[in-house]
Amino acid sequence: MKYSAIPTAQSIVQHCQAKHISNVIISPGSRNAPLTIAFAENPFFTCYSIVDERCAAFFALGMAQQLQEPVVILCTSGSALLNYYPAVAEAYFSNIPLLIISADRPVYKLGIGDGQTINQQNVFENHIRYSANLKQDVSHATSKVLQYRPEWVSEKEISQVQQEVQNYNDAELNLALEIALTTNTPVHINAPFEEPLYDTLSEPSIAPQISAIPAELEDVIILEDHKRIWNTSTRKMVLVGVNTPNIISDILLEKLANDPSVLVLTETTSNIHHSNFFNSIDSLIAPIEMHVDRELEFEKLRPEVLVTFGGLIVSKKVKAFLRHHTPKHHWHVDGQFANDTFFCLEEHIKVPVHDFFNAMYSDGTAIKSNYFAHWNLVKQNYELKRDSYLKEIPFTDFLAFEHILGAIPNDYMLQLANSSTIRYAQLFNVNPTLKVFCNRGTSGIDGSTSTAIGASIASSSPTLFITGDLSFFYDSNALWNSYLKSNFRIIVINNNGGGIFRILPGKENSDVFETYFETRHSLSAEHLCAMYGFDYRTAKSSTELHDELSSFFKVSSRPQLLEITTPTLKNDKILIDYFRFIS
């Protein structure tokens, strides 16, 4: 086994190994060679090579999303590091632990016109939980240190100064990894290396000081007041954001589902299911927006108590509703962070969701109320109308999603792109055996394909990724890697542009709209499939889609992509008319 001759590179690798951080995504470069060699030569680590740093970072994000543990992304100096930024921001807002390690030029070569050099220290300052700016070794390339920074050594022994550097770097590494492991957030380690970069040793030359992760102390939280309010309130709403599967037991789900005073509103990414839950929030709220007595109806829906848990919420309609019809109490349960999404957050209750609801139902009683019964009738009505509507409409995005979601086999992982994709998925029932994920931290269209591929690598489940055309073409470099599984599936809904802009305010049929908002195109995924080794399929009607889906998920020797072409000028009308129809 080879070890880098540079002490800091040895330290970083040993710290990662000691903390059981084993997955490393490496993008090629020279300045990061000491770490590339050290990680790749160590059999403890599983290393992946991905050229495009933006894709590499989202690939790592997908892995960390599934593993629920830090994944390393490693790059060279210069603009390479900046390409990580979209994924870093997503990880920051989605509470996903990325460990960003960047190789840097020596500090004395910054700002003098040296090549491939930028200001890397604290570069993610506004979207990172911690930045560890390591010090340069003085025992490596000592002659250059003495030439350019003699004041670092002064009259001290080189060994003494190097020990001070080692102590400082160890402290920074211990703190950075502790934060990543205990808060599920991204941290950045910036390591300056002087040439030579490729020298290796057969044995490590240092023994870094590695501290154990301290045991987490749980605060004792008294919930008696919350329980009293819960048990005396006749209108309680539980709104569930992004969640990993199995966060709450079936027993508690049954209690919530059968409480006459509770409405449970879920989203596709909530990964929580029950027939009594409201899993199409917009289908509930849109008819009220169009109601002749909308304020009266919204007052009937307004909860006295709002309990939220999980990550970010997709539905803009429920956000608007709760901001204008605020509950008396809003509690966010669990998690490191609580967003005041509705401008009425009363308390962040830092206990596990399971423990909170156990406490609320510890007496085994439920207050009398018609809150659920009233709105459940509304739900049953719009579900019947949705079924009728689907029988009437032509082939469009709306109908395509109904076909797709009904055809996905059990136990798949479903990765969704942003924009129209995630919003259409919210309108339908999803197979409860599916595990559903989407990058909702920043809700960008960039990196969705890379995230899905990374997630598929870290999961034993077969994976389906559903995306729109712009998101897919934007991240087409995601397919440029050697790790695609044969059971990976992509469905591209190609409506020849950003169809979501046709359902947003400001739509007009003009050259400006089509060029700068909708960004019309006539691209196809067929040639990308040929280049990257995907079997390509296409569908342009309900009949063709049904035929393709009947065999799309069968075992194959190569990954598969199905491109569904839908009519640009009909999709928005069909979606908008859906909300009118169920109203």
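It should be noted that the structure appears before, not after, this text.
Visitor: How would you explain the packing of helix H1 (residues 7-18) against helix H2 (residues 33-40) if you had to name every residue and give the values?
Guide: It is the contact of H1 with H2, at a shortest axis distance of 9 Å, that shows an interaxial angle of 40°. When the interaxial angle is binned, H1 and H2 end up oblique. As H1 packs across H2, the resulting crossing turns out to be right-handed. Contact residues: H1 offers Ala9, Ile12, Val13 and Cys16, while H2 offers Pro34, Leu35, Ala38 and Phe39.

Visitor: Summarise the pattern of salt bridges; cite the residues concerned and give the values.
Guide: A complete count under the given rule lists 17 salt bridges for this structure. Across the pair Lys227 and Asp363 runs a salt bridge, and its minimum N-O distance is 3.0 Å. Placement of Lys227 in helix H8 (residues 224-232) and of Asp363 in the loop between helix H13 (353-360) and helix H14 (371-392) is noted, with a sequence separation of 136 residues between them. Given a relative accessible area of 11%, Lys227 falls into the buried group.

Visitor: Now, about a negative patch on the surface: what can you tell me, with residues and values included?
Guide: Taken together, Glu216, Glu218, Asp219 and Asp355 make up a surface patch of like negative charges. Tracing the chain through its elements places Glu216 in the loop between strand S8 (200-201) and H8. Residue Glu216 is classed as exposed on the basis of its relative accessible area of 66%.

Visitor: Tell me about the sheet that holds strand S17 (residues 488-494), and please be specific about residues and values.
Guide: The strand order across the open sheet formed by 6 strands is S15-S14-S16-S17-S19-S18, and the pairing between neighbours is parallel. Both edges of this open sheet fall to strand S15 (435-438) and strand S18 (535-539), since each of them pairs with a single strand only. The sheet shows a mean angle of 20° between the axes of neighbouring strands, direction not considered. Where strand S14 (residues 413-416) meets S15, 4 bridges bridge the pair, whose relative direction is parallel. For Leu416, the partnering residue across the bridge sits in S15 and is Cys438. The sheet strands contacting helix H15 (residues 397-407) are S14, strand S16 (463-468), S17 and strand S19 (560-565), and the helix crosses S17 at an angle near 165°.

The rules we used
- Residues numbered from 1 in each chain as written.
- Predicted model: local features only at pLDDT ≥ 70, side-chain atom pairs only at ≥ 80, totals over all residues.
- Heavy atoms only, no water.
- Axes fitted to C-alpha atoms, helices over the stretch in contact; angles between N-to-C directions.
- Helix = DSSP H or I, 4+ residues; strand = E, 2+ residues; numbered from the N terminus.
- Parallel < 35°, antiparallel > 145°, perpendicular 65-115°, else oblique.
- Left-handed = near helix turned anticlockwise from the far one by under 90°.
- Contact = heavy atoms within 4.5 Å.
- Salt bridge = Lys/Arg side-chain N within 4 Å of Asp/Glu carboxyl O.
- Buried < 20%, exposed > 50% of the residue type's maximum accessible area, 1.4 Å probe, protein only.
- Patch = residues over 30% accessible without salt bridge, like charges linked within 9 Å, V, L, I, M, F, W, Y side chains within 5 Å.
- Areas by Shrake-Rupley, 256 points an atom, 1.4 Å probe, with all protein chains shown as cover.
- Lys, Arg positive; Asp, Glu negative; His and termini not counted.
- Charge placed at Lys NZ, Arg CZ, Asp CG, Glu CD.
- Pairing = 2+ DSSP bridges.

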